[in-house]
Amino acid sequence: MTTTATTAISAPTVSGAPHSDNVGVRLRWAVADSLTITKRNILSYTRIPEALFFSTVQPIMFVLLFRYVFGGSINVTGTSYVNYLMPGIFVQTVAFGSVQTSVGLAEDLQKGLIERFRALPMARSAVLAGRTTADLCRNVLTVVIVTVVGFLVGFRPTTGVLPYVAGILLILLFAYALSWGFAVIGLSAPNSEVAQVIAFPLLFPLTFASSAFVPVANMPSWLQGFATYQPVSVTITACRALMLGGETATWVIQSLLWSIGLLVVLVPLAVHRYRTRI
Amino acid sequence: MQYSIEADTLKKTFTGKHEVRALDGVSFNVAEGTVFGLLGPNGSGKTTAVRILTTILQPDSGRARVLGHDVAKHASLVRSLIGLAGQYAAVDENLTGRENLQMVGRLNHLPRSTVAGRAKELLEQFDLADAADRILKTYSGGMRRRLDLAAALVARPSVLFLDEPTTGLDPQSRNDLWEVIESLVGGGTTVLLTTQYLEEADRLAHSLAVLDHGHVIAEGTPEELKADLGATVLEVGLDTIENARRAAELFRPLGSHTPQVSGTVVEVTVDNGPESAMAGLRFLDQAGIIPAAFTLREPSLDDVFLALTGRRTENESDQDGDPALSGGRGRRRGSPAMETVGMGELS
Ligand SMILES: Nc1ncnc2c1ncn2[C@@H]1O[C@H](COP(=O)(O)OP(=O)(O)O)[C@@H](O)[C@H]1O
Ligand SMILES: [Mg+2]
């Protein structure tokens, strides 16, 4: 500013923000606040090149890498490798996408935004709800992109539209549950870099010691138990069954149980961290 | 007397690696429509007090009221009445100035129809209209601070909390912000501001409290504080430490407090600047000592501390120890804890 800012600031005509103790009004405000935060986060993401890269270019690169570079040397039975691969890519990309939840929250803490939010008359739940919802939206975008690229490189689901959509929903629910886990990490990390780095030792074993890229039967026997029943694999197997056929119900139920179980544990934990942080 | 802010024996201890008693029984009252300054060095508990008063943090004991409402019991009501601009400009870097203000407007539950208008109005008042639709990454430090302050005003709060509003700003932006705050107070807003600068508290605050390690060590109007202290600091640089000691002895009759020697520099707080300066020069002349530097300056927080506690401020970080701002006095020798806070002498 070169000149002065002496524009007289008039006496407040209406003082303060509206206030209500009515439960209905407060509930309506809570939903509106969550949407405001969701919108803000999505707007933010569109302006961070790294975030856009992680949710668009990186998944495409994974599809191409495994389809054309590794795919030739991996044998699967009963279907083409690209069909085998795609459900794995879906789950892997949304799992990595949910890391952004921890990075975003850690940044908000670092920059003092959470402090501002806490002093506003907004709903306490809106920061976490808005963050995880925005990350869910980003994951929807990722899934759409991966679907298109998958079809372009030869992915041909065999069960029809409804089971395909069911598979996608199962994946998004799982990613949403993971987001709450990363919310806990983001709210506990000293800064956003740490929040990002911590995620990888957690996600690498889950995504690579899984049935995502190679059949579990090809792994050493000591790893097979973990690689079959850990939540990422369970969700991949359920998704594969929904999109390509085969034993479906038990895997879908197991995946749902994992997602719901994670949410039941992680949501209160994240809310607790949010309340006690600072 | 109607108080807008009341703090009653607030205590807060942080447990962690080290136990820190951030507030140890802090009480003060702020009259409606006035500016209250909470003055203290880094780590004295200013931010902790602001966080408690703005419902962000719960005190271990004690009570606080804003506009008569208990901040712990009626937190959500209090939040709708106050504005806070925290110590670091809390704005979203990836949004534009306008988007930031509109977001805060919506989170304040302002009627939909007024959110955009209020944002526009504030952007104009704070001289940000031209930058309204630019992403904050392109804003200067001063612009961010102004936007941060604007965000605190979106809901037209009648009580405003400003935590070190000008720390880290260049003198020009600092002056601009002071003018903004002054015009706000002219409009009837009650303001609590924290600062490390005596000059800032002197200019803006009607009354103030000095915080030290979670204790209020002095209270009153800036005039009262300065009267206790001596209004001006006479600072004389000598060629040798020996001469500095001699000069300190000579200056003894000038001030209400004992002259302080650090290295080759002598400081003494005096009531009447020019008169004391002439007397000081006469004393030196009679003793045959020729000073290397001779300065009269406004007292800084550091001087207040020296007068009140007999020791200098112990800033944890050196973010305010900019030697360029400290009137050529430079850093004190000895332990790094003996940093000087040097804005007061800028005036
Ligand atoms: N969240 C926290 N956890 C642990 N210690 C803290 C926390 N916040 C502040 N402190 C400590 O409490 C003391 C007062 O801090 P603060 O209120 O920030 O002081 P100021 O704002 O005056 O610089 C300092 O010693 C600081 O290190
Ligand atoms: Mg502080």
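Refer to the structure printed above.
The notes below deal with the structure included here. Fair warning: this is a prediction, and the values are worked out from it, not measured in the lab.

About the criteria used
Residues numbered from 1 in each chain as written. Chains lettered and ligands numbered in written order. Predicted model: local features only at pLDDT ≥ 70, side-chain atom pairs only at ≥ 80, totals over all residues. Heavy atoms only, no water. Helix = DSSP H or I, 4+ residues; strand = E, 2+ residues; numbered from the N terminus. Buried < 20%, exposed > 50% of the residue type's maximum accessible area, 1.4 Å probe, protein only. Contact = heavy atoms within 4.5 Å. Lys, Arg positive; Asp, Glu negative; His and termini not counted. Charge placed at Lys NZ, Arg CZ, Asp CG, Glu CD. Patch = residues over 30% accessible without salt bridge, like charges linked within 9 Å, V, L, I, M, F, W, Y side chains within 5 Å. Areas by Shrake-Rupley, 256 points an atom, 1.4 Å probe, with all protein chains shown as cover. Salt bridge = Lys/Arg side-chain N within 4 Å of Asp/Glu carboxyl O. Pairing = 2+ DSSP bridges. Axes fitted to C-alpha atoms, helices over the stretch in contact; angles between N-to-C directions.

Before going further, it helps to spend a moment on the overall build of chain A. Counting its regular elements, chain A contains 12 helices and zero strands. N-terminal to C-terminal, the α/β element order of chain A is α-α-α-α-α-α-α-α-α-α-α-α. With the C-alpha coordinates of chain A rotated into their principal frame, the extents come out at 75 × 45 × 35 Å. For chain A, buried positions account for 52% of its 278 residues. Sequence separation of 24 or more characterises 77% of the internal contacts of chain A that already satisfy a separation of 6 or more. Computed over 17 positive and 9 negative side-chain charges, the inter-centroid distance for chain A is 3 Å.

Turning our eyes to something else, we now look at a nonpolar patch on the surface. Together, Leu64, Leu65, Tyr68, Val69 and Phe70 of chain A give the surface a local cluster of nonpolar side chains, amounting to about 450 Å² of exposed area. Counting through the fold element by element, Tyr68 of chain A comes out in helix H3 (residues 57–70).

Right, let's get into the sheet that holds strand E12 (residues 260–262) of chain B. Note: strands within a sheet are paired through backbone hydrogen bonds, in either parallel or antiparallel orientation. All names here are of chain B. Taken in spatial order, the four strands make up an open sheet running E12-E13-E11-E14, and their pairing is antiparallel. Unpaired on one side and paired on the other, E12 and strand E14 (293–297) mark the two borders of the sheet. Direction aside, neighbouring strands of the sheet carry axes that sit 20° apart on average. Bridge count for strand E11 (residues 232–237) against strand E13 (residues 265–270) is six bridges, and the pairing is antiparallel. Residue pairing in the sheet places Glu235 in a bridge with Glu267 of E13. Packed on one face of the sheet, helix H9 (residues 241–251) meets E11, E12 and E13 and runs near 15° to E13.

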